[in-house]
Amino acid sequence: MIMMIKNISKLYIILLFQLFFYANLLSQHHGTMRGKVVENKNDQPIFGVNILIKGTLIGTSTDREGRFEIKDIPPGIYAIFVSHIGYKNKTLDQVTITSGSDIEMNITLKESVVEMNPVIVSATKHPQSLSSSHQAVEVIPHTRINESQYSRLYKSLSTVPGIHFNEQNISIRGSSGYSVFNVGSRILVMIDGIPVNSSDLGAINWDILPVLDIKRIEIVKGAGSALYGSSAMGGVVNIITKEPPGDRQILLRTRAGIYDQPAYKEWEWTDEVLHFEDINASYSSSFGPVDLNLSFSRYLSTGYMENNHMDRWNAALRMKTAFKNKSHLDLYASWANSREGGIIQWLNQNSPFEVPPFNKEDEIEFTTINIALQYSLPLSSTLGLKFRTSFLSSYMSNQLTAYNPGAFQPAYGPGAEIQCLWLPNKKNQITCGTEYRADISSTEYFGDHKGYSSALYVQDEIPVIPSIKATLGFRIDKHVLDNESVASQFSPKAGVNVQIFPGTTMRSTAGRGFRAATVFEKFVTADYAGFNIIPNPDLKPERSWFWDIGIIQEFFDNSNFQLSYFYSEYSNMIEPVIDFLGTIQFQNRLQARIQGIEFSEKFFLFSELLGLESTFTLLDPVNVTTGKTLPYRPRFSANCIASLRLKKFLFQAEYKYFSRIEEVEINPLDPRVPGKLLHVRAHYTLGKVIIQAAVTNCFNYHFTYVERRMAEVRKFSLGILFNSAQ
Amino acid sequence: MISIYLRKTVSVTILLIMIMQFSCRVDHGLEPINSKITGTVTFHGDHPPSTDEVRVVVAKDFPPKDIKSLLFSNMINYREKTAEYEIYLPKGTYKVVAVLWKEHNESWNISNVIGVYGGSISGDLLIPTYRSVTIADNNTTVRNINIQATLERVNRDAKIKGEINFIGDWPDNTGVMAVGAFSSIPEPGDYMDYFFSSIFMDYSIPVFVSSAEYMLRVQGQDTVKYVAALWIDDTFDLASIRDVGYYCDPQDSTGLKPGSVLVPADAVKTGINITVDFSKTDIQ
């Protein structure tokens, strides 16, 4: 593996140097545009505003003084797109650049609680406004993550329509049910466009990075295999990290809280006060040409039930440096380590917060190291290249009850990608690239395995007429495992975005999804909760076709609603099948059809004093072979957030509902109830400090996502957020 | 002034009462179960070293459809001669309460029942009777559901090995092929008899193949009266069990007489081969 990494490194260094000098030769001196972006209310400069010249690859962002400068703009008449989280975006039309011109612009932005049309990158692998996307995309800005006051990242995602979590298993539009340790996720999770699903289990570690590093999270719904390949079968979650601001900034967030006793006296199991603490810190500064950000976080919890403790550490480094030829180099490295109690199931329904005696000492350790280096090289205003190399090490030890620390070795996933964005004329926008990733794993539970996947992708966006934009693309993937080709896949995609009227957008996408079976699913031999898991080396890739159509209607530039219909057909779906004796094997057992309707609205009144955001999802997930509902998928789910903003005060109430899970796999006789959760939160801003308080699960409602594991009880928390740059 | 104060106080009090009432009625989701069965398991014989755990299981129907239709107690202490147990169950009638043994690194196996409520034991044999239990309401404790259990039944120190050959087309609705060792020849179609007279079942026989090998664990020095291939349909319903072939007595010229097998302790008896001819079965 070391040889492989060395070879990839050599190749990239040669390519990087060649292209660096080539870019210098190409840089020309045309027009210049500079200026300042300020708030409309108080003329305060806004830091980090994105400024994009439409129809080109040219763009920048503002510094701490709100200033920006773009040099070497070819002469022409342009539209300038200005956007920032927390502000209404703006388009400046008919900006004329002539040879040698130097334009000074002063731009004002109006504050807005919700950005209706933010810039996204995940639907096409290049920046575009959300309203111009052909695919259903949701954006969670960091402000929403802070406001929601969750200690774990994945909980912030559950407010998105069409997303349901069974504990940490994410399901977008019913794509996934439940699998232990999140094995074989059908959702690809990326950090800044680089996949971080583990190489052996194909699992997601939601605690991979400090939460303060997150700028926004983009969720692409529906198969993303035409751009992202295997694992993106049900969708993509792309975590976009914050760029270092370029000067000194300190962010601190700390929170502590207590868990309540269960609602019933007979379920109380300890006299101790169960509690959790969370501290996050981030430091940014500039060292010569290098902008740097260091982050750290620690989360400690006794847990709300027996053997539910958690001790998690995170650290991350982000470095960015820009060169004279407008290219820039980005490094993001993160380390995460957690030790937590390994709960398989409760003692019994009358002691649901206790575990069986033989599970009391079970502990799981996760360690993930992620290093990603990206070099962006604009060769001209219409041609740009990106080079990415990454290294992922994921280690999960001692998971399958038997205490055997030597049983697992870290799984390694080194990868590389070259991406090209080309605007050959005023109409087309072509994205193409090639990607490689190795997957190396070794454990006593499934042996030693080496594999790799390589891919080629192309996508073209074509404006048919000004109000209609079509997107066509495909990706070819090849997966090799233990020197044997296990999957080859052609994944096409077609999409359309139609601006029907100003403020009314319709979009539709159809495409192919696929997922190659993970090493775990093929080769595992283990014992789980009294059930034997046996290998299935003949496991084939699962495939799907999907289609969706949606309409977005905006009102008064701060309210909107969205309505979508989606339809997917899965073949050879890989699911754990339990035979009548309880032996579990992953099998290509299912042909499935999943369709549904999503509705969401964001409605703000009285200058955003009052807000109501609601989402509703109706799902029809059917196992075509048996006619039964697919397991662990609620047919109906809803989420409503009501907010009241009074200058420095914010009050939020969030209600979450999902219908009773109809089908489960292991203990179908256990009673199940719908999920009903009410959370209330308050924020008070005091200069650079925000004081936060929250009550989560106000009604102390007890339910299970997965059989015999009780969901979290009511908890109370208090927190402080400090931002030196506020 | 006083009346305004009074009105405010009354309003706040009413509001507080309403909130308190609402809090009392608030839906807390899952609730504790207050009804249960309790009893004592009396063990006979020594537990095998390969014992992983022992639990009391309850089934609404008999035979249980699969392992998922069983309700399990917590682990019970099989190292003592007797063990108390309790299982919290919602009200209803439960056809069978049994004691199930599990071997290390093996799945739960229904042929590892070592005791049944209402039944009795004779050495390593279960007497095929059982009694149902009814819980009348959600606050009832049904006591003294005592069970005799024989660990001798799973003290298997000998092995029978053989090959099973399949002739003809497999039925499309095949779910499971198993091989069982029986202490007596079960009555055809009487699934209870298959259940109680089985010594061991190997459920791991691959389906839709032309031949396979099997291995049965049995008690040394005990005579196995019947070794049979057993078919179960793709609903995995044990009631659909059929014997589709058996080991024939090599001394019998007609080839119809079932052969018995006696294996010494710690020994392996090989060559106990079975032929299954699907064209001669009554499977639809």
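As the structure is a computational prediction, the values presented were derived from the model and not from experiment.

A. The arrangement of the overall build of chain B in detail. Each helix and strand counted, chain B has two helices and 22 strands in total. In chain B, which comprises 284 residues, the share counted as buried stands at 36%. Within chain B, residue pairs in contact and separated by at least 24 positions form 72% of the contacts whose partners lie at least 6 positions apart.

B. The sheet that holds strand β6 (residues 96-103) of chain B, seen in detail. Residues and elements named next belong to chain B. Strand order in the open sheet formed by four strands is β3-β2-β6-β7, and the pairing between neighbours is antiparallel. Single-partner strands in this sheet number two, and they are β3 (70-75) and β7 (113-116). Taking the axes of each pair of neighbouring strands and ignoring which way they run, one obtains an average angle of 30° across the sheet. Pairing of strand β2 (residues 51-59) with β3 involves four bridges; the strand directions are antiparallel. In the strand pairing of β3, Ala-59 is matched with Leu-70.

C. Structural detail: the pairing of β6(B). Residues and elements named next belong to chain B. Within β6, seven of the eight residues are buried, which leaves it mostly tucked inside the rest of the structure. Sheet topology note: the β2/β6 ladder contains eight bridges and is antiparallel. Its bridge partner lying in β6, Thr-51 is registered against Glu-103. Bridge count between β6 and β7: three bridges; the pairing is antiparallel. Each bridged residue has a counterpart across the sheet, and for Val-99 the counterpart in β7 is Gly-115.

D. Local environment of the interface of chain B and chain A. Facing the 26 residues of chain B at the interface are 30 residues of chain A. In terms of residue count, β3(B) provides more of the side of chain B that touches chain A than any other element does, three residues in total. In terms of residue class, the side of chain B that touches chain A is made up of 13 nonpolar, seven polar and six charged.

E. Region of interest: the nonpolar core. Counting 63 residues, the largest nonpolar core has A:Val137, A:Met190, A:Ile191, A:Ile219 and A:Ile239 as its most contacted members. At five residues, the largest contribution of residues to this core is made by strand β13 (residues 187-191) of chain A. Residues in contact with A:Val137, not counting those within four places in the same chain, are A:Ile120, A:Ser122, A:Ala123, A:Leu130, A:Glu218, A:Ile219 and A:Val220. Listed in part, the 37 residues of the second largest apolar core include B:Tyr214, B:Leu230, B:Ile232 and B:Val276.

F. View of the sheet that holds strand β15 (residues 198-205) of chain B. All names here are of chain B. Here we have four strands laid out as an open sheet, ordered β15-β14-β18-β19, and antiparallel in their pairing. In this open sheet, the two strands that pair with only one neighbour each are β15 and β19 (242-246). Put simply, the sheet's adjacent strands are angled 30° from each other on average, direction ignored. Note that strand β14 (residues 174-182) and β15 share five bridges and pair antiparallel. Its bridge partner being in β15, Gly-180 is matched across the sheet by Met-201.

G. Structural view of the environment of A:Cys432. All names here are of chain A. Inspection of the secondary structure assignment puts Cys-432 in strand β26 (residues 429-443). For the pair Cys-432 and Ile-191, spaced 241 residues apart in sequence, the C-alpha separation works out to 20 Å. Beyond its immediate sequence surroundings of up to four residues, Cys-432 is in contact with Cys-420, Tyr-457 and Val-458.

Quick notes on the rules
Residues numbered from 1 in each chain as written. Chains lettered and ligands numbered in written order. Predicted model: local features only at pLDDT ≥ 70, side-chain atom pairs only at ≥ 80, totals over all residues. Helix = DSSP H or I, 4+ residues; strand = E, 2+ residues; numbered from the N terminus. Buried ≥ 20, exposed ≤ 12 C-beta atoms within 10 Å, placed from the backbone. Contact = placed C-beta atoms within 7 Å. Pairing = 2+ DSSP bridges. Axes fitted to C-alpha atoms, helices over the stretch in contact; angles between N-to-C directions. Nonpolar A, V, L, I, M, F, W, Y, C, P; charged D, E, K, R; others polar. Core = buried A, V, L, I, M, F, W, Y, C linked by C-beta atoms within 7 Å.

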